[in-house]
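Coordinate analysis (summary)
Read off the chains here:
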Amino acid sequence: MKTATVIDYIVQRIADEGVEHCFGVPGDYAFPVGDAVDRNPKIKWIGCSNELNAAYAADGYARARGAAMLSTTYAVGELSAINGVMGAKAERSLVYHIVGMPSYQNQRSRKTMHHTLGDGIFDRFIDISAQAACSHAVINPDNCMIEMERVIAEARRNSQPAYIVVPSDYAQASVTPTEVRPLTLTSNEASLKKAVAAIAGRIKNAKSVVVLPAFTLSRVGLQKEAREAIEALGCPFATTSMEKCIIDESHPQFAGMYSGALSTKGTREIVEGAELVIDLGGVSLNDETTMGFSTQLDPARFISIGLNDVRVGEQIFGNVRLADTLAALAKLKSGAPRYNRTPKDNPSINGKPSDKITMDALYPRYAKFIQSGDNVVLETGSSSFGVPPMTLPDDVQVQIQMLWGSIGWATGAAFGIALADPKRKTILITGEGSHQLTANEIGNMGRYSANPIILCLNNDGYMVERALEPNPDWSYNDLAKWRYADLPHALGCTDWFTARVETLGELDAALKAARESKSGAYIEVIGGRMDMPEGLAFGHTRLKELYGEAI
């Protein structure tokens, strides 16, 4: 590869990181990127309906695969994608965002080119797109090999996007050969030893310990190591909605889902009553996961173990990698009594076949429908409050965007996840308001044989918006009345199973048919306009805590 063109080198180097697909939208400044992807036998071009959808798909792909590639053109393309890339940064998904820009020759000549402001200045958008990444580089033939190692290492270190910009003429020039080696990220041994000693001291003296494993563990593939550390400590662990199923919920040390005031009494007592709380990876106790900041947690009781550092009280231990800390924790033992859970059953399946669909009847059915080995993608909205309280089978992977919370994310992300992990069935559970933003990506799901099962709740508008304000009836919470079940066939997915269901009997039959379908499946579920899951209804009572007092 030392004699390759710049763009061939970039594409191959990203392929070396385990990426097999490139999501994007073509553009003339990015033609060299698309050409290089098409030339490379290890990576396949995945065309998306727009750049935002492509960014969402790349985010989902990175969650399932560990890294992803996104290609957009200069200015109009990269700026359209930036919301999706910024969400990946917030929620620790590693996306390599490659942008083709006008040629160096035209930049030097300050020519008036399309996709610019017409002022001959070409670097205006670099600072904007770089804000959505943890590292970035403008590539030329001389710095290509060195800069690629730097941005890859930093992206791996933080599990966040990297932004790589290359002028179109430089992209096609030959790489200047340079001696480089991929950087191996390791802990500083002295710092690690001090951090482990400080953690061990706190654990030894604590009468009760609980672990909160963070969503970041799944981003960097350390779920097994986290489970082994928890088992060695013998203490209970709890998860927020962002960590749903990060460790199997049948585990004897699983104490339940922690969601502030909506936690079960036992779970809340374990988490909030613990003398020591071990934050394993950087848990996000935001307004959504805490149900409107309804928690009672003392920060002084926390040990926070991040991707690259450890905090014990006022002590910070830097340059300590999470994998090394987990390995050390697996050798420790807690003096607290070993925890053994009392299993919790889901609410029973209720209702007659002729009954209309209610949320109380819907979500237990979804929980029963989900099987071991499924990927479940939950949209920000009612589904992100309805599914997490349900106990799900072992070996289910759940993806949810609770921190960034960009509506429409889940449809694009489900596409990326389905391609990244084709051995699993991907199930998208979304509401119609979110779905309308990105539903055009269904056509590409069929085009590339992603074959998900899509469960779309049609409840006459933006349910989550109606729930989060005093007056639910403002006109801006209404939607165009789509015929959702007709979408797959209209978008080219002619062999998909589709259904529109209004009763529980129709829903049960459709779920059975969807599971049996050899291709994709789409079910439009008709729900009540103000029928919402318990968590969302509770959020309606916490508006002051969520948004502050009216001035």
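Quick look at the structure, then. Because the structure is a prediction, the values reported are computed rather than measured.

The rules behind these values
Residues numbered from 1 in each chain as written. Predicted model: local features only at pLDDT ≥ 70, side-chain atom pairs only at ≥ 80, totals over all residues. Heavy atoms only, no water. Helix = DSSP H or I, 4+ residues; strand = E, 2+ residues; numbered from the N terminus. Buried < 20%, exposed > 50% of the residue type's maximum accessible area, 1.4 Å probe, protein only. Contact = heavy atoms within 4.5 Å. Areas by Shrake-Rupley, 256 points an atom, 1.4 Å probe, with all protein chains shown as cover. Pairing = 2+ DSSP bridges. Right-handed = clockwise from strand over helix to strand, strands pointing away. Salt bridge = Lys/Arg side-chain N within 4 Å of Asp/Glu carboxyl O. 1 Å grid on protein atoms, 1.4 Å probe; cavity = no way out; pocket = protein on both sides within 12 Å on 5 of 7 lines; lining within 4 Å. Points joined across faces, edges and corners; volume = space filled by probe spheres on them. Nonpolar A, V, L, I, M, F, W, Y, C, P; charged D, E, K, R; others polar. Axes fitted to C-alpha atoms, helices over the stretch in contact; angles between N-to-C directions. Polar contact = N/O pair within 3.5 Å; in protein donor to acceptor, adjacent residues only side chain to side chain.

Overview of the overall build of the protein
- Within the protein one finds 23 helices and 19 strands.
- If one aligns the C-alpha atoms of the protein with their principal axes, the spans along those axes are about 65 × 60 × 55 Å.
- Within the span of the protein, comprising 551 residues, buried residues form 59% of the whole.
- In the protein, of all internal contacts separated by at least 6 residues, the share reaching a separation of at least 24 is 78%.
- Accessible surface, the protein: about 22,400 Å² in total, of which carbon and sulfur atoms supply 51%.

Regarding the pairing of strand β4 (residues 95-101)
- In terms of burial, β4 is a largely internal element, seven of the seven residues being buried.
- Alignment of strand β3 (residues 68-73) against β4, held across six bridges, turns out to be parallel. What sits directly across from S71, in β4, is I98.
- With helix α4 (residues 76-90) bridging β3 and the parallel β4, this β-α-β connection has right-handed handedness.
- Of the pairings in the sheet, the one linking β4 to strand β6 (residues 162-167) comprises six bridges and is parallel in character. Across the sheet, G100 pairs through a bridge with V166, a residue of β6.

With respect to the pattern of salt bridges
- Tallied over the entire structure, the rule returns 32 salt bridges.
- The partner of R500 in a salt bridge is E502, with the nearest N and O atoms 3.0 Å apart.
- R500 gets classed as partly exposed once you look at its relative accessible area, which sits at 47%.
- When its relative accessible area of 29% is taken as the criterion, E502 is described as partly exposed.

Quick notes on empty space enclosed by the protein
- In the structure shown here, the tally under the stated rule is two cavities of 30 Å³ or more.
- Taken as a whole, the largest cavity spans an internal volume of roughly 120 Å³.
- Counting residues per element, the ones that place at least two in the lining of the largest cavity are α17 (432-438) and α19 (463-467).
- If one sorts the elements of the lining of the largest cavity by residue count, α17 sits on top with three residues.
- Split into classes, the residues belonging to the lining of the largest cavity amount to four nonpolar, eight polar and two charged.
- Estimates place the volume of the second largest cavity at around 30 Å³.
- In terms of lining, the second largest cavity is formed by L362, Y363, Y366, S383, I429, T430, G431, L455 and L457.
- Of all the secondary-structure elements, those providing two or more residues to the lining of the second largest cavity are α14 (359-369), β16 (426-431) and β17 (453-458).
- Grouping the amino acids of the lining of the second largest cavity by side-chain chemistry returns six nonpolar, three polar and no charged.

Thoughts on the sheet that holds β17
- The six strands are arranged β15-β14-β16-β17-β19-β18 in an open sheet whose pairing can be described as parallel. Looking at strand neighbours, the two that pair on one side only are β15 (397-400) and β18 (497-501), the edges of this open sheet. Put simply, the sheet's adjacent strands are angled 15 degrees from each other on average, direction ignored.
- Alignment of β18 against strand β19 (residues 521-526), held across five bridges, turns out to be parallel. Residue pairing across strands places F497 opposite A521, the latter belonging to β19.
- Against the sheet, α14 touches β16, β17 and β19, its axis set at about 175 degrees to β17.
- Of the strands in this sheet, β14 (375-378), β15 and β16 touch helix α16 (residues 409-420), which is tilted by about 160 degrees from β14.

Topic: the sheet that holds strand β5 (residues 135-138)
- Across the sheet, which stays open at both edges, the six strands sit in the order β2-β1-β3-β4-β6-β5 with parallel pairing between neighbours. Edge positions in the sheet fall to β2 (44-47) and β5, since each of these pairs with one other strand and no more. Taking each pair of neighbouring strands and ignoring which way they run, the sheet shows an average axis angle of 20 degrees.
- As paired strands, β5 and β6 are joined by four bridges and run parallel to one another. By the bridge assignment for β6, V138 is matched with V165.
- Across the sheet, helix α1 (residues 6-15) is in contact with β3, β4 and β6; its angle to β4 comes to roughly 170 degrees.
- Against the sheet, helix α7 (residues 144-158) touches β4, β5 and β6, its axis set at about 165 degrees to β5.

Here we look at the environment of G412
- Structurally, the position occupied by G412 is in helix α16.
- As for G412 and A57, which are separated by 355 residues in sequence, their C-alpha atoms are 4.6 Å apart.
- Beyond its immediate sequence surroundings of up to four residues, G412 is in contact with N53, Y56, A57 and T438.

Observations concerning the side chain of H435
- The residue H435 is located in helix α17 in this model.
- Given the relative accessible area of 0%, H435 is considered buried.

Details of the layout of surface pockets
- Looking at the largest pocket, its volume works out to about 790 Å³.
- Lining the largest pocket are 40 residues, with L262, T264, K344, P389 and M390 sitting closest to its centre.
- Going through the elements one at a time, β9 (254-257), α12 (265-273), α14, α15 (383-386) and α22 (534-540) are the ones with two or more residues in the lining of the largest pocket.
- Residue composition of the lining of the largest pocket, by class: 18 nonpolar, 14 polar and eight charged.

Here's the deal with the environment of N40
- One can find N40 in the loop between α2 (31-39) and β2.
- Counting along the chain gives 25 residues from N40 to A15, while the straight-line C-alpha distance between them is 8.9 Å.
- N40 has contacts with V11 and Q12, leaving out every residue within four places of it along the chain.
- Looking at N40, its side chain comes within polar contact range of the side chain of Q12, at 2.9 Å.

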